[in-house]
Amino acid sequence: MIITRETDYALRILRALMDGQLHTVGELAQGELLPQPFAYKIIKKLCKAGLVQITRGAAGGCRLSADLSQVTLYDLLLALGEPSAIAACMEPDYACPWRERQGDCVSHRQLAAIQRTLDRELQSHTLQEILTGQPA
């Protein structure tokens with residue numbers, strides 16, 4: 001599955017942050033119907049990726065720090081550490097016993113072509129487009 005629950009929650013958090021305001025994790029979790037501990041974990045990942053800025057302290061919270069017209073769905077999946085491979089053999093570090101023994105695998109070649117198409121499609125849609133329905 002490409003769009004996991006974590007990716008869905010991240011999209012909802014980013015949608016809520018599009019208003020440019022500072023929000024607490026509790027506000028985001030409540031407003032977007034997310035479990036607060038999971039929302040906090042996602043926000044930390046989004047911060048590490050430079051998509052969200054976290055301000056600590058009593059008057060703290062988080063806000064959007066990236067231009068979502070420049071961030072693709074592919075970028076978000078990478079930021080969350082989500083696998084986008086359609087099969088295990090598409091992972092860079094996968095050691096395929098069949099290919100090691102036979103040298104070639106028609107299935108792998110076909111899946112690799114599909115993977116390239118999927119990656120291009122994920123890279124062609126910005127988060128702004130996905131969250132607002134408006135092209136960047």
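Everything discussed here concerns the structure shown above.
Residues numbered from 1 in each chain as written. Predicted model: local features only at pLDDT ≥ 70, side-chain atom pairs only at ≥ 80, totals over all residues. Heavy atoms only, no water.

1. Describing helix α1 (residues 5-17)
Then, number 1: Between its first and last C-alpha atoms α1 spans 18 Å; for 13 residues at 1.5 Å apiece the expected length is 18 Å, and the two agree.
Then, number 2: The buried fraction of α1 is high, at 10 of 13 residues.
Then, number 3: Turning to α1, its buried residues number three or more, namely Glu 6, Thr 7, Tyr 9, Ala 10, Leu 11, Arg 12, Ile 13, Leu 14, Ala 16 and Leu 17.
Then, number 4: Elements in contact with the buried residues of α1: α2 (25-32), α3 (36-48), β1 (52-55), β2 (61-64), α4 (73-80) and α7 (127-132). (Helix = DSSP H or I, 4+ residues; strand = E, 2+ residues; numbered from the N terminus. Expected span 1.5 Å × (residues − 1). Buried < 20%, exposed > 50% of the residue type's maximum accessible area, 1.4 Å probe, protein only. Contact = heavy atoms within 4.5 Å.)

2. Observations concerning the pattern of salt bridges
Then, number 1: Taken as a whole and judged by the stated rule, the model has four salt bridges.
Then, number 2: Here Lys 45 makes a salt bridge to Glu 6, at a shortest N to O gap of 3.0 Å. Highlighted residues: Lys 45 in helix α3 and Glu 6 in helix α1, separated in sequence by 39 residues.
Then, number 3: With a closest N to O distance of 3.9 Å, Asp 8 and Arg 12 form a salt bridge. One end of the pair is Asp 8 and the other is Arg 12, both in helix α1 and four residues apart, which spans about a single turn.
Then, number 4: Of the residues examined, Asp 8 reaches a relative accessible area of 31% and is grouped as partly exposed. (Salt bridge = Lys/Arg side-chain N within 4 Å of Asp/Glu carboxyl O.)

3. Thoughts on the pairing of β2
Then, number 1: Sheet topology places β1 next to β2; four bridges connect them, and they run antiparallel. Bridging across to β2, Thr 55 finds its partner in Gly 61.
Then, number 2: Joining the antiparallel neighbours β1 and β2 is a turn of five residues, in which Gly 57 adopts a positive phi near 110°. (Pairing = 2+ DSSP bridges.)

4. Thoughts on the nonpolar core
Generally speaking, a soluble globular protein has its nonpolar side chains buried in company with each other.
Then, number 1: The biggest cluster of nonpolar side chains holds 29 residues, and the ones touching the most others in it are Ile 13, Leu 14, Leu 46, Val 52, Leu 76 and Leu 127.
Then, number 2: Elements with a minimum of two residues in this core: α1, α2, α3, α4 and α7.
Then, number 3: In terms of residue count, α1 provides more of this core than any other element does, seven residues in total.
Then, number 4: Apart from the residues lying within four places of it in its own chain, the contact partners of Leu 127 are Leu 11, Leu 14, Leu 68, Val 71, Thr 72, Leu 73 and Leu 76. (Core = buried A, V, L, I, M, F, W, Y, C linked by side-chain atoms within 4.5 Å.)

5. A look at the packing of α3 against α4
Then, number 1: In the contact formed by α3 and α4, the axes pass within 9 Å of each other and the chain directions differ by 115°. Between α3 and α4, the angle falls in the class roughly perpendicular. When you trace α3 past α4, the crossing you get is right-handed. Of the residues in α4, those touching α3 at Ile 42, Lys 45 and Leu 46 are Leu 76, Ala 79 and Leu 80.
Then, number 2: Here the residues of the contact of α3 with α4 sort into five nonpolar, no polar and one charged. (Axes fitted to C-alpha atoms, helices over the stretch in contact; angles between N-to-C directions. Parallel < 35°, antiparallel > 145°, perpendicular 65-115°, else oblique. Left-handed = near helix turned anticlockwise from the far one by under 90°. Nonpolar A, V, L, I, M, F, W, Y, C, P; charged D, E, K, R; others polar.)

Don't take any of this as a statement about function, it's just geometry.
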